[in-house]
Amino acid sequence: MLPFLRKIVFPFSLIYAVIIHIRNFLFDIGIFKSVSFQTPTICIGNLSVGGTGKTPMIEYLVRNMEVSNIAVLSRGYKRKSSGFVLAGPDSTVADLGDEPFQLHKKFPVLSVAVDADRRNGIQQLETLIKPDVILLDDAFQHRKVKATFNILLTSYQNLYPRDWYLPTGDLRDSKREARRANLIIVTKCPQGLTASEKAEIVQRLKPQSNQKVLFSSLGYAAAFKNAQGKMVDAKVLSKQHLALVTGIASPEPLVEHLKSLGMEFQHLAFGDHHNFTTGDIEKLKRFDAILTTEKDFVRLDGKLAELFYLEVAHTFGAEDGERLQEALRNLV
């Protein structure tokens, strides 16, 4: 939304904020019920509408948790299916949604399920899979489930204390709800963030005494990859007529990274979780090659001949990485 339009709709953001506060208050006093489960559940979420790196954080947890039987439960945003769906060999991106399908393809032994009703989804997983731990994707606002452990993400470029409620800002929940988090992770930090800069951010976040604040940066793979697993470096691709196609909430870090590699490209930015139409695909075919994110790749795969994506992952400093590991060990 254009900045001047966001200012015009400010009264609607006040109405939205009141509704959000009332809803959370009713959960706090027990009129709306929250349910806990026997299986440890880790919620990965944020207070904004996206762009904090939830899927890479789930990937980080999958790779680094000291248990083998992990399940991921997501809503499956913009999927074509309904109800509870457990990913299998024949599952498609339409069945699961782009991010759950990405996880399913990347970690074949990982149990990935989608269900808008998280309580039903957890019950189904406990019956069918009996996992050691369930990662709840984007469930911080889903208060019908009381997670065992809450990880709240906030982007360095748009810390939630600086933000405002939808539609004027990007907040979809009250800043006050940050108190429910066990860990607050500031994501997408620039490399080399100093101790004094971190201290200033912590002061803005005002964590409670029981909360830890950690800092992560985005680390990009050294080369681009295609559907066959072929690795191509930036120098080779730079010789072609390139387009960068993004359908994510915050493409700016990727754009800056590619520019830092000296790459020249036309950036075609679509809305988050964009479903690419036949017309979109025809326009993309005029380029020699298409660069995209891993999330967008699962929706474009098979539709374009020269399609490449760049893997991204959260990276932590030694101290913050150990603090996160310690929290996970204590939980599981």
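As shown above, the structure is provided for reference.
First, a word on what this report is: a plain description of the structure on this page. Throughout, residues of each chain are indexed from 1 in the direction in which the sequence is written. Under the rules for a predicted model, residues below a pLDDT of 70 receive no local features and side-chain atom pairs below 80 are neither given nor counted, while totals for whole chains, interfaces and linings still include all residues. Computation of side-chain values covers all heavy atoms of the structure but excludes hydrogens and water.

What to know about the overall build of the protein chain
Phase 1 of the analysis: Starting at the N terminus, helices and strands are each numbered in turn, a helix being any DSSP run of H or I of at least four residues and a strand any DSSP run of E of at least two. A tally of helices and strands in the protein chain yields twelve helices and 15 strands.
Phase 2 of the analysis: Compactness check: the protein chain gives a C-alpha radius of gyration of 20 Å against a globular reference of 20 Å for 332 residues, within 12% of the reference.
Phase 3 of the analysis: Its C-alpha atoms give the protein chain principal-axis dimensions of about 60 × 45 × 40 Å.
Phase 4 of the analysis: By the convention used here, residues are in contact when the closest approach between their heavy atoms is within 4.5 Å. Residue pairs in contact within the protein chain that sit at least 24 positions apart in sequence constitute 74% of those at least 6 positions apart.
Phase 5 of the analysis: Element-wise, carbon and sulfur atoms account for 54% of the exposed surface of the protein chain, whose accessible area totals about 16000 Å². Note on method: radius of gyration uses C-alpha positions; expected globular size equals 2.2 Å times residues raised to 0.38. Reported accessibility uses the Shrake-Rupley method at a 1.4 Å probe radius. Residues are deemed covered only where the shown protein chains occlude them.

What to know about the environment of Ile 281
Phase 1 of the analysis: Of note, Ile 281 is situated in helix α10 (residues 278–284).
Phase 2 of the analysis: Classification of Ile 281 by relative accessible area gives buried; the value is 8%.
Phase 3 of the analysis: Between the C-alpha atoms of Ile 281 and Ile 58, which are 223 residues apart in sequence, the distance is 30 Å.
Phase 4 of the analysis: Each residue touching Ile 281, except ones within four places of it in the same chain, is listed here: Phe 276, Leu 300, Lys 303 and Leu 304. For each residue, the accessible area found with a 1.4 Å probe, counting protein chains only, is set against the maximum for its type, and the residue is called buried under 20%, exposed over 50%, and partly exposed in between.

Focus: unusual backbone geometry
A negative phi holds for most residues other than glycine; trans holds for most peptide bonds.
Phase 1 of the analysis: Residue Pro 167 is bonded to the preceding Leu 166 through a cis peptide linkage, with omega at 0°.
Phase 2 of the analysis: Among the structural elements, Pro 167 can be located in the loop between β6 (149–155) and β7 (183–187).
Phase 3 of the analysis: Despite not being glycine, Lys 130 has its phi angle at roughly 55°, a positive value.
Phase 4 of the analysis: For Lys 130, the location among the structural elements is in the loop between α6 (118–128) and β5 (133–137).
Phase 5 of the analysis: The phi torsion at Lys 206 lies on the positive side, around 50°, for a residue other than glycine.

What about the side chain of Thr 246?
Phase 1 of the analysis: Within the secondary structure layout, Thr 246 lies in strand β11 (residues 242–246).
Phase 2 of the analysis: Apart from residues lying up to four places away in sequence, Thr 246 is in contact with Pro 251, Leu 254, His 267, Leu 268, Ala 269, Phe 270, Thr 293 and Asp 296.

Digging into the packing of helix α3 (residues 54–64) against helix α5 (residues 98–106)
Phase 1 of the analysis: Only C-alpha atoms enter the line fits that serve as axes; for helices the fit covers just the stretch in contact. Angles between N-to-C directions range over 0 to 180 degrees. Running from N to C, α3 and α5 cross one another at 30°; their axes reach a closest spacing of 11 Å. On the basis of their axis angle, the class for α3 and α5 is roughly parallel. Here α3 runs over α5; the crossing is right-handed. Residues Thr 55, Ile 58, Glu 59 and Arg 63 of α3 touch α5, and the partners they reach there are Glu 99, Gln 102, Leu 103 and Lys 106.
Phase 2 of the analysis: Following the grouping adopted for this structure description, the nonpolar residues are Ala, Val, Leu, Ile, Met, Phe, Trp, Tyr, Cys and Pro, the charged ones are Asp, Glu, Lys and Arg, and the polar ones are all others, Gly among them. Within the contact of α3 with α5, the residues separate by chemical class into two nonpolar, two polar and four charged. Throughout this description, any angle smaller than 35 degrees is read as roughly parallel, any larger than 145 degrees as roughly antiparallel, any in the 65 to 115 degree range as roughly perpendicular, and the remainder as oblique. The hand of a helix crossing depends on one turn: near helix anticlockwise from the far one by less than a right angle means left-handed, and clockwise means right-handed.

Some remarks on the layout of surface pockets
Phase 1 of the analysis: Buriedness of a pocket was judged along seven lines, with at least five required to meet protein on both sides within 12 Å; pockets are open sets of points on a 1 Å grid over the protein atoms alone, cavities are sets where a 1.4 Å probe fits but cannot get out, and lining residues have an atom within 4 Å of a point. Grid points are joined across faces, edges and corners, and a volume is the space filled by probe spheres set on the points. Considering only enclosed or pocket space, the largest pocket measures out at about 1000 Å³ in volume.
Phase 2 of the analysis: Around the largest pocket sit 41 residues that line it, and Lys 54, Glu 99, Asp 272, His 273 and Lys 295 are the ones nearest its centre.
Phase 3 of the analysis: Within the residue set of the lining of the largest pocket, elements represented by two or more residues are α3, α5, β8 (212–220), α9 (252–260), β13 (289–293) and α11 (294–300).
Phase 4 of the analysis: Its residues placed into classes, the lining of the largest pocket shows 14 nonpolar, 14 polar and 13 charged.

Some points on the nonpolar core
Phase 1 of the analysis: Put simply, buried Ala, Val, Leu, Ile, Met, Phe, Trp, Tyr and Cys residues joined by side-chain atoms within 4.5 Å make one nonpolar core. Ile 42, Ile 44, Leu 61, Met 65, Leu 110, Leu 135 and Ile 151 are the most contacted members of the largest nonpolar core, which totals 34 residues.
Phase 2 of the analysis: Take this core: its biggest share by element is five residues, from α3.
Phase 3 of the analysis: The contact partners of Leu 61, leaving out residues within four places of it in the chain, are Ile 42, Ile 44, Leu 135, Ile 151 and Leu 328.
Phase 4 of the analysis: By size, the runner-up hydrophobic cluster in this structure holds 30 residues, among which are Ala 17, Cys 43, Ala 139 and Val 186.

Examining the sheet that holds strand β3 (residues 85–86)
Sheets are built from strands paired through backbone hydrogen bonds, the pairs being either parallel or antiparallel.
Phase 1 of the analysis: The strand order across the open sheet built from nine strands is β3-β4-β2-β5-β1-β6-β7-β8-β15, with neighbouring strands paired in mixed fashion. Either end of the sheet is taken by a strand with one partner, and the two such strands are β3 and β15 (312–316).
Phase 2 of the analysis: We treat two strands as partners when DSSP finds at least two bridges between them. Relative to β6, strand β1 (residues 41–46) runs parallel, the two sharing five bridges. Of the residues in β6, the one forming a bridge with Gly 45 is Leu 152.
Phase 3 of the analysis: Running at roughly 125° to β8, helix α7 (residues 195–205) makes contact with β6, β7 and β8 of the sheet.
Phase 4 of the analysis: Strand contacts of helix α12 (residues 318–331): β1, β6, β7, β8 and β15, with the helix running at about 115° to β8, the strand carrying the most contacts.

As for a nonpolar patch on the surface
Phase 1 of the analysis: Among the surface-exposed residues, Phe 25, Ile 29, Ile 31 and Phe 32 lie close enough to one another that they form a single nonpolar patch of about 400 Å² accessible area.
Phase 2 of the analysis: Within the fold, Ile 31 resides in the loop between α2 (10–28) and β1. Patch members must show over 30% relative accessible area and no salt bridge, and they are joined within 9 Å when carrying like charges or within 5 Å when they are nonpolar side chains of Val, Leu, Ile, Met, Phe, Trp or Tyr. Within this document, salt bridges are pairs made up of a side-chain nitrogen of Lys or Arg and a carboxyl oxygen of Asp or Glu, the two lying within 4 Å of each other.

Concerning the pattern of salt bridges
Phase 1 of the analysis: Counted under the stated rule, the structure contains 22 salt bridges.
Phase 2 of the analysis: Two residues, Arg 143 and Glu 177, come together in a salt bridge whose shortest N-O distance is 3.3 Å. Here the residue Arg 143 occupies a position in the loop between β5 and β6, and Glu 177 occupies one in the loop between β6 and β7, the gap between them amounting to 34 residues. The two residues Arg 143 and Glu 177 agree in class, both being buried.
Phase 3 of the analysis: Through salt bridges with shared partners, a single ionic network connects Asp 28, Arg 143, Asp 173, Glu 177, Arg 179 and Arg 180.

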